[in-house]
Amino acid sequence: MKGQIFLHPIWYTLLTEEHTTMALFAKGITFSKKVTTLTFHRIDTPLPKRVILPLKQYIGEASQPVVTKGDKVTTGQLIAAAPTETSLPLHATIAGTVKDITEQPDYKGTPTLSIIIEGDGTDTWIEAPKEEKEQKEISSLAPSEILKRIHAAGLITTQLVPVPLTTDLVPIDQPKTHLIDGQRITKKIDTLIITALDREPFLGVNRYLAGKDNKELADGIAALKIITGAHSVRFVVDTHYPPATQLQELVAADEEETTTLISLNGRRFPIGLAIPLIKAALGREVPLPYGHPRDVGVALYDMNTAIAVGKAVSTQLPQVDSLITVGGGAMPKQGIVTVRIGTSIGDVIASLGGLSKDPAKIIIGGPMTGMAHYDLTTPITKETDGLFALTHDEIQLSGDYRQCINCGLCVKVCPVNLLPGVLSLYCAKDKFDMAEAEGLFHCIECGCCDYVCPSRRPMVHLFRHAKHQLMEP
Amino acid sequence: METHYIVSMSPHLRGAHSIERMMRTFLIGLIPAAVMALYLFGIRSLIIMVLAMATAVIVETVIEHLTTQPLTYKDCHAILIGFVLALLLPSSVPWWIPVVGAGVAIILGKMVFGGLGNYPFNPPLVAWVVVKLSWPERMSLFFEPHTHSQALTPLMALKEDPSLFYSYEMRDLFLGNTPGPLGTVCALAVLIGALFILYRGVIRWHIPLAFCGGVALFAAILHGINPDIYPSVIFHLLSGGLLLGAFFLAPEPVTSPVTPTGMLLFGFLAGILTMIIRMWGAYPDGTLYAILIMNAATPLFNYLKPKEYGRVKRA
């Protein structure tokens with residue numbers, strides 16, 4: 001089949017697709033079919049009555065509110081401007097009245113200045129920008145114009161950390177610096193990876209989008225190619241979920257074979273995280289710590305971002321809703337949910353029918369890397385990709401964890417080749433400098449070591465504690 | 001009533017692994033060898049096993065009670081120590097040897113170092129060495145299976161006269177029809193248990209494979225030099241405590257290395273050492289001594305770790 005994974009021909013004949021993945025990336029955990037089978041029911045939720053929009057939903061600078069208490073706003077209206085490059089404009093996601101501008105705990109629990117909008121029940125949109133009428137071809141747009149439109153739509157990327165998409169993208173006409181051999185040098189981006197794998201096997205937004213035809217996808221990919229200057233595009237899809245005909249057509253339509261389709265086993269974790277994904281798909285190692293995909297000449301974005309870019313560039317309308325995966329034993333429905341940004345997680349759960357069983361944990365993000373919450377008024381932000389309600393049967397707490405028994409299961413699964421057991425001993429005994437020398441900052445906090453540990457040691461907790469101590473002198 | 005939610009660090013899911021499951025798997029893996037011991041050596045073997053296991057659990061519980069530590073008998077580790085020790089003893093031992101041995105294993109082997117996870121040497125092996133050095137003649141008295149007639153184990157016979165080993169049928173060694181310690185005589189039973197623990201993933205293939213590989217390589221070279229005085233590879237692999245050592249004692253989690261390279265080298269060197277002791281040492285079977293010596297070197301093998309992902313070479 002054209003556009004399959006490119007390797008030495010001998011691998012091709014000896015190994016199946018699954019094995020090729022294994023050969024390139026043999027670490028991590030494979031979850032069973034039973035727990036990772038995704039349901040792709042698209043569930044639409046009613047408009048929320050009230051949204052909470054934090055002024056900072058990414059790593060960077062907060063934006064400045066341009067509305068005051070009592071102002072009437074319509075959907076998509078600019079309510080906070082971005083004075084600097086590292087901030088993003090914020091738009092109203094429902095029509096109504098600005099009720100308050102006050103400090104609210106964001107998804108990390110940090111008090112952040114947020115704009116609270118009380119909805120009037122309608123969904124009146126702003127006027128579409130005038131330029132939209134004389135629609136231009138994407139390929140004729142200048143990179144700076146595309147970047148301006150992406151910035152104006154307020155898009156973020158969450159591949160490594162949540163940052164504004166414009167700070168993650170480096171335009172083709174600007175000098176790029178890359179970390180190679182310990183020093184920053186210039187390296188050209190040659191490959192654009194569009195991944196349909198989600199960060200965890202339990203999340204399904206990108207896999208859902210890969211199975212659907214989207215008219216914006218081709219626009220988004222064209223725009224990203226123009227900005228990054230990448231000449232080849234690789235789609236990474238899940239072996240277990242066939243990609244849409246549109247993707248196959250995109251691959252087949254490419255005469256020069258610069259567009260290829262790579263199938264990886266999506267039940268493996270943490271293959272969906274950026275750093276292992278680049279290793280599994282291209283065999284390149286992102287330098288760690290503090291490395292970035294562009295250091296190895298790769299621009300990595302997911303399906304969701306590519307489609308959002310396509311929408312932003314062609315329609316010039318801001319992003320007001322996001323797709324999230326809902327799941328877990330206590331969640332009344334499983335599937336993909338469209339929600340307005342700023343809806344509180346309590347409202348999302350209520351609109352799905354309320355928690356069914358006795359819930360133990362509410363998690364924003366996936367069950368392996370997500371964050372547990374106790375406050376149901378926490379808003380869904382731009383980076384939210386999942387909402388899980390787990391029952392007491394599904395979770396197991398560390399509780400009184402035991403001594404490390406040196407069994408080596410964590411060494412077997414660690415995707416960055418650390419010795420997590422040894423590291424956890426150093427971290428637990430406050431020997432942070434020794435942990436750093438053992439490669440603590442290479443840890444990508446995937447949680448595989450926690451998952452397999454027979455002594456139930458809270459590894460990720462210890463590592464995060466140590467990193468925090470080392471970074472704050 | 002307001003619902004309270006649990007907040008903790010990710011990951012929120014955990015696998016099925018636990019210390020209890022691991023130790024139970026080891027215990028189940030040893031059952032075929034124990035059943036064969038019962039069949040070959042009669043009710044004496046059952047008494048030895050029960051005494052050793054009961055003593056181990058009681059001694060551990062008493063120590064933990066006296067030192068106000070949480071009681072850990074539920075994790076089956078004490079039972080496992082007693083069980084392994086019993087399988088290393090001859091069927092002729094008096095009742096107090098398993099009792100003393102299990103006590104030594106728990107006190108000197110495990111608890112003085114701080115319990116599970118901290119001891120540097122495999123506790124049953126520590127106990128085995130103590131009783132072997134304290135009562136050498138009682139520990140070298142082996143019975144022919146199904147009888148009470150005294151006999152030499154194949155490796156002891158080899159030490160006496162190298163030509164004697166030709167009198168042993170490989171089939172007898174494989175099925176366990178030779179004198180020897182309780183759990184080590186039947187290679188087939190040990191292998192069945194070993195397959196089970198490998199399948200359950202509590203040990204990994206590296207150490208057993210490298211161990212047997214080291215022994216086989218060394219034996220093949222010697223056998224190639226002079227087949228009259230050096231027995232064949234199969235004889236070496238099937239005799240003595242080799243298979244039990246390679247599958248149940250050397251890969252014991254606490255006292256074995258964790259990195260793939262470390263495990264391979266650990267097993268290989270233990271195999272070589274076994275053969276050196278067997279051929280030129282004072283004791284007939286070197287397996288257990290070799291494992292003990294390699295246990296001391298385990299921290300060194302952990303330095304043989306793979307390169308961290310993304311480590312950048314400094315100019």
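Calculation notes
Residues numbered from 1 in each chain as written. Chains lettered and ligands numbered in written order. Predicted model: local features only at pLDDT ≥ 70, side-chain atom pairs only at ≥ 80, totals over all residues. Heavy atoms only, no water. Helix = DSSP H or I, 4+ residues; strand = E, 2+ residues; numbered from the N terminus. Buried < 20%, exposed > 50% of the residue type's maximum accessible area, 1.4 Å probe, protein only. Contact = heavy atoms within 4.5 Å. Areas by Shrake-Rupley, 256 points an atom, 1.4 Å probe, with all protein chains shown as cover. Polar contact = N/O pair within 3.5 Å; in protein donor to acceptor, adjacent residues only side chain to side chain. Phe/Tyr/Trp six-rings, centres within 6.5 Å; stacked < 30°, edge-to-face > 60°. Buried area = accessible area lost by both parts, 1.4 Å probe. Salt bridge = Lys/Arg side-chain N within 4 Å of Asp/Glu carboxyl O. Axes fitted to C-alpha atoms, helices over the stretch in contact; angles between N-to-C directions. Parallel < 35°, antiparallel > 145°, perpendicular 65-115°, else oblique. Left-handed = near helix turned anticlockwise from the far one by under 90°. Nonpolar A, V, L, I, M, F, W, Y, C, P; charged D, E, K, R; others polar. Expected span 1.5 Å × (residues − 1). Pairing = 2+ DSSP bridges. pLDDT = per-residue confidence, 0-100.

Observations concerning the overall build of chain A
Here is step 1: Scanning chain A from terminus to terminus reveals 16 helices and 23 strands.
Here is step 2: Looking at chain A as a whole, 57% of its 473 residues qualify as buried.
Here is step 3: Taking the intrachain contacts of chain A between residues at least 6 apart in sequence as the baseline, contacts between residues at least 24 apart amount to 72%.
Here is step 4: Accessible surface computed for chain A: about 19600 Å², of which carbon and sulfur atoms make up 54%.

What about the environment of Ser114 of chain A?
All names here are of chain A.
Here is step 1: Mapped onto the secondary structure, Ser114 falls in strand β9 (residues 111-119).
Here is step 2: Assessed through its relative accessible area of 1%, Ser114 is described here as buried.
Here is step 3: Along the sequence, Ser114 and Ser344 sit 230 residues apart, while their C-alpha atoms lie 13 Å from each other.
Here is step 4: For Ser114, the contacting residues outside a window of four places in its chain are Ile52, Leu53, Pro54, Leu55, Asp100, Ile101, Thr102 and Gln104.
Here is step 5: Of note is the side chain of Ser114, whose polar atom sits 3.0 Å from the backbone oxygen of Thr112.

Quick look at the packing of aromatic side chains
Here is step 1: This model, assessed by the stated rule, comprises 11 aromatic pairs over all chains.
Here is step 2: Centroid distance Phe40 of chain A to Tyr241 of chain A: 5.4 Å. Interplanar angle 55°. Geometry classified as tilted. One end of the pair, Phe40 of chain A, is in the loop between α3 (33-36) and β2 (42-44); the other, Tyr241 of chain A, is in the loop between β15 (232-238) and α8 (245-253), with 201 residues separating them in the sequence.
Here is step 3: According to the relative accessible area criterion, Tyr241 of chain A is buried, its value standing at 19%.
Here is step 4: For the ring pair Trp128 of chain B and Tyr289 of chain B, a centre distance of 5.5 Å and an interplane angle of 65° mean the geometry is edge-to-face. Of this pair, Trp128 of chain B sits in helix α5 (residues 123-134) while Tyr289 of chain B sits in helix α14 (residues 287-301), and the two are 161 residues apart along the sequence.

Observations regarding the interface of chain A and chain B
Here is step 1: On the side of chain B, 41 residues touch chain A, which itself brings 67 residues to the contact.
Here is step 2: Both sides of the chain A and chain B interface together cover about 4800 Å² of buried area, and 57% of this is carbon and sulfur.
Here is step 3: Summed over the three residues of chain A that lose the most area to chain B, namely Arg402, Ile405 and Asn406 of chain A, the buried surface amounts to 14% of that side.
Here is step 4: The interface formed by chain A and chain B includes four salt bridges.

Observations concerning the packing of helix α9 (residues 187-200) of chain B against helix α12 (residues 242-249) of chain B
Residues and elements named next belong to chain B.
Here is step 1: Where α9 contacts α12, the axes come no closer than 10 Å and their chain directions differ by 15°. With respect to each other, α9 and α12 are oriented roughly parallel. Where α9 crosses over α12, the handedness of that crossing is left-handed. Residues Ala187, Val190, Leu191, Gly193, Ala194, Ile197 and Leu198 of α9 form the contact with α12, whose own contacting residues are Leu243, Leu244, Phe247 and Phe248.
Here is step 2: Here the contact of α9 with α12 is built from residues that sort into 10 nonpolar, one polar and no charged.

Examining the pattern of salt bridges
All names here are of chain A.
Here is step 1: Evaluation of the coordinates by the stated rule reveals 18 salt bridges over all chains.
Here is step 2: With a shortest N-O distance of 2.9 Å, Arg207 and Asp238 are connected by a salt bridge. One end of the pair, Arg207, is in helix α6 (residues 205-210); the other, Asp238, is in strand β15, with 31 residues separating them in the sequence. Of the two residues, Arg207 and Asp238, both sit in the buried class.
Here is step 3: Where salt bridges share partners, they join Glu145, Lys148 and Arg149 into one cluster.

A closer look at helix α10 (residues 303-315) of chain A
Residues and elements named next belong to chain A.
Here is step 1: The end-to-end C-alpha separation of α10 is 18 Å, in line with the 18 Å expected for 13 residues at 1.5 Å each.
Here is step 2: Of the positions making up α10, those classed as buried are Met303, Thr305, Ala306, Ile307, Ala308, Val309, Gly310, Ala312, Val313 and Ser314.
Here is step 3: Count one or two residues on from α10 and you reach Gln316, which has phi positive near 60°.

Notes on the sheet that holds β2 of chain A
All names here are of chain A.
Here is step 1: The mixed open sheet is built from six strands, whose spatial order is β2-β20-β19-β23-β21-β22. Strands at the two margins of the open sheet, each flanked by one partner only, are β2 and β22 (371-373). When the angles between neighbouring strand axes are averaged without regard to direction, this sheet yields 30°.
Here is step 2: Pairing geometry for strand β19 (residues 321-327) and strand β23 (residues 386-391), over three bridges, is parallel. The partner of Gly327 across the bridge, within β23, is Phe388.

Some details on the pairing of β9 of chain A
All names here are of chain A.
Here is step 1: One ladder, built from five bridges, connects strand β3 (residues 50-54) with β9; its direction is antiparallel. When the sheet's bridge partners are listed, Ile52 is paired in β9 with Ile116.
Here is step 2: Sheet topology note: the strand β8 (residues 96-105)/β9 ladder contains nine bridges and is antiparallel. Across the sheet, Asp100 pairs through a bridge with Ile116, a residue of β9.
Here is step 3: Between β8 and the antiparallel strand that follows it, β9, lie five residues; Gly109 among them carries a positive phi value of about 90°.

A look at the confidence of the model for chain B
Here is step 1: Of the residues in chain B, 98% reach a pLDDT of 70 or more, and the chain-wide mean stands at 90.
Here is step 2: Note on the complex model: pTM 0.88, ipTM 0.89.

Structural notes on the environment of Leu390 of chain A
Here is step 1: Secondary-structure assignment places Leu390 of chain A in strand β23.
Here is step 2: For Leu390 of chain A, a relative accessible area of 2% gives the class buried.
Here is step 3: Residues Leu390 of chain A and Gly328 of chain A, spaced 62 residues apart in sequence, show a C-alpha to C-alpha distance of 4.9 Å.
Here is step 4: What Leu390 of chain A contacts, discounting residues up to four positions off in sequence, is Gly328, Ala330, Pro359, Ala360, Lys361, Ile363, Pro367 and Ile395 of chain A together with His12 and Leu13 of chain B.

Considering the sheet that holds β9 of chain A
Residues and elements named next belong to chain A.
Here is step 1: The sheet built from four strands is open, its strands ordered β3-β9-β8-β5 with antiparallel pairing. Every other strand in the sheet has two partners, leaving β3 and β5 (72-73) as the edge strands with one partner each.
Here is step 2: Where β5 lies against β8, two bridges are found, and the strand directions are antiparallel. By the bridge assignment for β8, Val73 is matched with Gly96.

Quick notes on the packing of helix α3 (residues 77-87) of chain B against α5 of chain B
Residues and elements named next belong to chain B.
Here is step 1: Between α3 and α5, whose axes approach to 9 Å, the crossing angle comes to 40°. Regarding the angle of α3 to α5, the classification is oblique. Read as a crossing pair, α3 and α5 show a hand that is right-handed. Counted together, Ile81, Val84 and Leu85 of α3 and Pro123, Pro124, Ala127 and Trp128 of α5 form the full contact between these two elements.
Here is step 2: Looking at the contact of α3 with α5, its residues break down into seven nonpolar, no polar and no charged.

Focus on the environment of Arg294 of chain A
Residues and elements named next belong to chain A.
Here is step 1: Counting through the fold element by element, Arg294 comes out in the loop between α9 (274-282) and β18 (298-302).
Here is step 2: A residue is classified by how much of its surface remains accessible, and Arg294, at 19% relative accessible area, is buried.
Here is step 3: As for Arg294 and Trp125, which are separated by 169 residues in sequence, their C-alpha atoms are 37 Å apart.

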